[in-house]
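Structural overview for review
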Amino acid sequence: MSRYWRLPPVWVRRCVLAPLVVALAFVWLPMTAWLVVVVAGVVAWALPGRVRILRVVFMAGLYLLWDAVALVWMLGLWVISGFGWKVREPWFQRQHYALAGTMLRSLFQAARWTLRLEIDTREWDIDAVAQGRPLIVVSRHAGPGDSFIIVESLINRFKREPAIVLKDTLQWDPAVDVLLNRVPTRFVAPRRSRKAGAPGGAVSIAAMARDLQPEDALLIFPEGANATPGRRAKRIAELRAGGREALADRAESMPHVMPPHPGGVLAAIEACPDAAVMVVAHTGLERLSTVRDVWRELPVDKRIRLQGWTAMPDEIPAGRAEREAWLYDWWETVDAWIDTHQPEVSGLGRGGGRIRR
């Protein structure tokens, strides 16, 4: 005999069952979506071939989770800081850097086996030459991931607290927006988009450099954007139009990089004369400048290699013209290193990506 289930009173159906169904829908649907993400990650790892869409689904879901966890974490820090009252105090600054290091480490761990990505930073050793002094890190710019890779190494490997100069469009990412607006950061907007009276990039960089402590590092990308043939040709033409023929000739001899804007680097050196300067070159990200590039290359099967050279304060010339020529000397070194370390497929097997240090 079948059991008879008595219909509950109206108030139970309206006040208990209906909200329960709504709550289950809002919980169940996200859980189902995350199940799809996890399955996509497992299948992308297990199946041979490129299976682009599964890798994209997994990495997009993981990044969304990464952003959400970071935002909740930072909300907690904001609350315990007195609802933002002391959020810029040293202890809270260290907690935000620890958060950034943890989140970047976890993101790269997932990218290693999902995208079959190898990151080799063994030739980049800050502490061997710059212990106990602030550091100005000057890097080439190629691809969307180089700033994340360098910041992760600065925080987790070298225990530095980086101040960063970045394009203002990165604030579209909610977690990046909140995090970087709580630590020393300058978002640089194009001159045509800058508000009237807003300080330029060099002025902002100098302000950050003056505050550098021995455990800090200031990260600058003097090329200003990813190197493309069109941008490189335009930059060289601007040098010639400004009567900088010698620098334009030197820039034309460097096919792998764009002519650097010297203003920010020289402003930082002048504002913090005790800092060592590290010039960073890397390969492996050149073909990953746009979303279309990333889609075409998935899984990227890349080895990203970083190399750093350090100049101590007494090795930096004094005059502005001499410092500009000195920066171009280093950019020629970067270009030559890239020429002999062209990107290569990592050759790793399924799930074999790793970070070498």
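Residues numbered from 1 in each chain as written. Predicted model: local features only at pLDDT ≥ 70, side-chain atom pairs only at ≥ 80, totals over all residues. Heavy atoms only, no water.

**Some remarks on the overall build of the protein chain**
If you tally the helices and strands in the protein chain, you get 11 helices and 8 strands. In the protein chain, which comprises 357 residues, the proportion classed as buried is 44%. Carbon and sulfur atoms make up 62% of the accessible area of the protein chain, which amounts to about 18,800 Å² in all. (Helix = DSSP H or I, 4+ residues; strand = E, 2+ residues; numbered from the N terminus. Buried < 20%, exposed > 50% of the residue type's maximum accessible area, 1.4 Å probe, protein only. Areas by Shrake-Rupley, 256 points an atom, 1.4 Å probe, with all protein chains shown as cover.)

**Some words on the nonpolar core**
Core analysis: the largest hydrophobic core is formed by 42 residues, its most contacted members being Leu 135, Val 137, Ile 149, Ile 150, Leu 219 and Leu 306. For this core, the element with the most residues is helix H3 (residues 90-114), which contributes 9 residues. (Core = buried A, V, L, I, M, F, W, Y, C linked by side-chain atoms within 4.5 Å.)

**With respect to helix H6 (residues 201-210)**
By the burial criterion, the buried members of H6 are Ser 204, Ile 205, Ala 206, Met 208 and Ala 209. For H6, the elements touching its buried residues are strand S3 (161-167), strand S4 (185-188), strand S5 (216-220) and helix H9 (262-271). (Contact = heavy atoms within 4.5 Å.)

**Regarding the confidence of the model for the protein chain**
Chain-level pLDDT for the protein chain is 79 on average; 72% of the residues reach the 70-or-more range. Low pLDDT (under 50) marks residues 345-355, which in the prediction has 26 contacts with non-local residues, meaning those over four places away or in another chain. (pLDDT = per-residue confidence, 0-100.)

**Some remarks on the packing of H6 against H9**
Relative to each other, H6 and H9 sit at 30°, their axes nearing to 8 Å. On the basis of their axis angle, the class for H6 and H9 is roughly parallel. For the pair H6 and H9, the sense of crossing is right-handed. For the pair H6 and H9, contact is made by Ala 202, Ile 205, Ala 206, Ala 209 and Arg 210 and by Gly 263, Gly 264, Ala 267, Ala 268 and Ala 271, respectively. Here the contact of H6 with H9 is composed, by residue class, of 7 nonpolar, 2 polar and 1 charged. (Axes fitted to C-alpha atoms, helices over the stretch in contact; angles between N-to-C directions. Parallel < 35°, antiparallel > 145°, perpendicular 65-115°, else oblique. Left-handed = near helix turned anticlockwise from the far one by under 90°. Nonpolar A, V, L, I, M, F, W, Y, C, P; charged D, E, K, R; others polar.)

**Digging into a nonpolar patch on the surface**
A cluster of nonpolar residues, Leu 75, Trp 78, Val 79, Ile 80, Phe 83 and Trp 91, forms a patch on the protein surface that exposes about 620 Å² of accessible area. Counting residues per element, the nonpolar patch draws most heavily on helix H2 (residues 52-80), at 4 residues. Residue placement: Trp 78 occurs in helix H2. Residue classification places Trp 78 among the partly exposed residues on the basis of a relative accessible area of 33%. (Patch = residues over 30% accessible without salt bridge, like charges linked within 9 Å, V, L, I, M, F, W, Y side chains within 5 Å. Salt bridge = Lys/Arg side-chain N within 4 Å of Asp/Glu carboxyl O.)

**What to know about unusual backbone geometry**
In this model, Phe 83 sits at a positive phi of 55°, which is unusual for a non-glycine residue. Positionally, Phe 83 belongs in the loop between H2 and H3. Even without being a glycine, Lys 159 presents a positive backbone phi close to 55°. Mapped onto the fold, Lys 159 is located in the loop between helix H4 (146-157) and S3.

**Quick word on the pattern of salt bridges**
Tallying each qualifying case throughout the model produces 7 salt bridges. A salt bridge links Asp 249 to Arg 240, with the shortest nitrogen-to-oxygen separation between them at 2.8 Å. By relative accessible area, Asp 249 is classed as partly exposed at 44%. Of the residues examined, Arg 240 reaches a relative accessible area of 26% and is grouped as partly exposed.

**Focus on the layout of surface pockets**
Quantified by volume, the second largest pocket comes out at close to 330 Å³. Residue lining of the second largest pocket: 17 residues in total, with Gln 93, Tyr 97, Pro 184, Asp 211 and Asp 216 positioned closest to the centre. For the lining of the second largest pocket, the element with the highest residue contribution is H3, accounting for 4 residues. When grouped by side-chain class, the residues that make up the lining of the second largest pocket number 8 nonpolar, 3 polar and 6 charged. (1 Å grid on protein atoms, 1.4 Å probe; cavity = no way out; pocket = protein on both sides within 12 Å on 5 of 7 lines; lining within 4 Å. Points joined across faces, edges and corners; volume = space filled by probe spheres on them.)

**Overview of the pairing of S5**
Counting buried positions along S5 yields 5 of 5 residues, so the element is predominantly enclosed. As judged from the 4 bridges shared by S3 and S5, these two strands associate in the parallel manner. Its bridge partner lying in S5, Ala 163 is registered against Leu 218. (Pairing = 2+ DSSP bridges.)

**A few points about the side chain of Arg 140**
Tracing the backbone through its elements, the reader meets Arg 140 in the loop between strand S2 (135-139) and H4. For Arg 140, a relative accessible area of 2% puts it in the buried group. A polar contact of 3.3 Å, which involves the side chain of Arg 140, links it to the backbone oxygen of His 256. A polar contact of 2.7 Å, which involves the side chain of Arg 140, links it to the backbone oxygen of His 282. (Polar contact = N/O pair within 3.5 Å; in protein donor to acceptor, adjacent residues only side chain to side chain.)

**With respect to helix H8 (residues 245-252)**
Residues spaced three or four apart along an α-helix point in a common direction, a consequence of the helix completing one turn every 3.6 residues. Residues of H8 that are buried: Leu 247, Ala 248 and Ala 251. Down the axis of H8, the buried side of the element spans an arc of 100°, and every buried residue falls inside it. The elements touched by buried residues of H8 are helix H7 (229-241) and helix H11 (320-340). (Arc of directions from axis to C-beta.)

**Points about the side chain of His 96**
Structurally, the position occupied by His 96 is in helix H3. A distance of 3.0 Å separates the side chain of His 96 from the side chain of Arg 182, its partner in a polar contact. Ignoring any residue separated from it by four or fewer positions in sequence, one finds His 96 in contact with Met 74, Leu 77, Val 87, Leu 179, Arg 182 and Val 183.

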